[in-house]
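# Coordinate analysis (summary)
Residues per chain, in single letters:
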Amino acid sequence: MNNRERAASVADLVRLFAAKQEVDDEPPAVVAAKMISGILHWTMRESEMAGDDGRKSALAATRAGLTSFIDDVHRSPANTSPSCYTLITVRTDGGLWVSETGYEDTIQ
């Protein structure tokens, strides 16, 4: 599936989300951010219901999704499988969240 096909495959879902959240008049980046945040909250909740640390699951999903997106955008006929190394570091008043390709996610 190419990048246009990937975008088209979620277009109706994004429009429906935007309408339900009453942000359909916002720029695409705002709608996407709100949808991504909602998906991460859902991931965290589902993981917590299974007895796992939902924050780590949401952080891992963020890294995996970003990695997949960047791989897709940079894929070319000459280089069909570029490697992508992703490091996410977020500092908060309460600690540090780190997700890195090839390592266990940590929240301190």
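This report concerns the structure included in the present document. All values reported here derive from a predicted model rather than from experimental measurement.

On to the nonpolar core, then. Residues F17, A18, V23, V31 and M35 constitute the largest nonpolar core, which totals 5 residues. At the level of elements, α1 (3-20) and α2 (28-49) are the ones that each hand at least two residues to this core. Each residue touching F17, except ones within four places of it in the same chain, is listed here: V31, K34 and M35.

A separate point is a negative patch on the surface. On the surface, E22, D24, D25 and E26 cluster together into a patch of negative charge. Counting through the fold element by element, E22 comes out in the loop between α1 and α2. A residue is classified by how much of its surface remains accessible, and E22, at 65% relative accessible area, is exposed.

Attention now moves to the packing of α1 against α2. The contact between α1 and α2 brings their axes to 10 Å, and the two run at 90°. Here α1 lies roughly perpendicular to α2, going by the angle between them. For the pair α1 and α2, contact is made by L13, V14, F17 and A18 and by V31, K34 and M35, respectively. Among the residues making up the contact of α1 with α2, the classes are represented as 6 nonpolar, no polar and 1 charged.

Oppositely charged side chains may form a pair once their charged atoms are brought near each other. Applying the stated criterion across every chain yields a total of 5 salt bridges. In this structure, D72 engages R6 in a salt bridge whose closest nitrogen and oxygen atoms are separated by 2.9 Å. Of this pair, D72 sits in helix α3 (residues 54-74) while R6 sits in helix α1, and the two are 66 residues apart along the sequence. Owing to a relative accessible area of 34%, R6 belongs among the partly exposed residues under this scheme. Put simply, D105 and R63 hold a salt bridge, and the shortest N to O gap is 3.8 Å.

As a further point, take α3. Between its terminal C-alpha atoms α3 stretches 30 Å, which fits the 30 Å expected from 21 residues at 1.5 Å a residue. For α3, the complete set of buried residues consists of G54, A58, L59, R63, T67, D71 and D72. In the core, the buried residues of α3 are packed alongside α1, α2, β1 (87-92), β2 (95-100) and β3 (106-107).

Criteria and thresholds
Residues numbered from 1 in each chain as written. Predicted model: local features only at pLDDT ≥ 70, side-chain atom pairs only at ≥ 80, totals over all residues. Heavy atoms only, no water. Core = buried A, V, L, I, M, F, W, Y, C linked by side-chain atoms within 4.5 Å. Buried < 20%, exposed > 50% of the residue type's maximum accessible area, 1.4 Å probe, protein only. Helix = DSSP H or I, 4+ residues; strand = E, 2+ residues; numbered from the N terminus. Contact = heavy atoms within 4.5 Å. Patch = residues over 30% accessible without salt bridge, like charges linked within 9 Å, V, L, I, M, F, W, Y side chains within 5 Å. Areas by Shrake-Rupley, 256 points an atom, 1.4 Å probe, with all protein chains shown as cover. Salt bridge = Lys/Arg side-chain N within 4 Å of Asp/Glu carboxyl O. Lys, Arg positive; Asp, Glu negative; His and termini not counted. Charge placed at Lys NZ, Arg CZ, Asp CG, Glu CD. Axes fitted to C-alpha atoms, helices over the stretch in contact; angles between N-to-C directions. Parallel < 35°, antiparallel > 145°, perpendicular 65-115°, else oblique. Nonpolar A, V, L, I, M, F, W, Y, C, P; charged D, E, K, R; others polar. Expected span 1.5 Å × (residues − 1).

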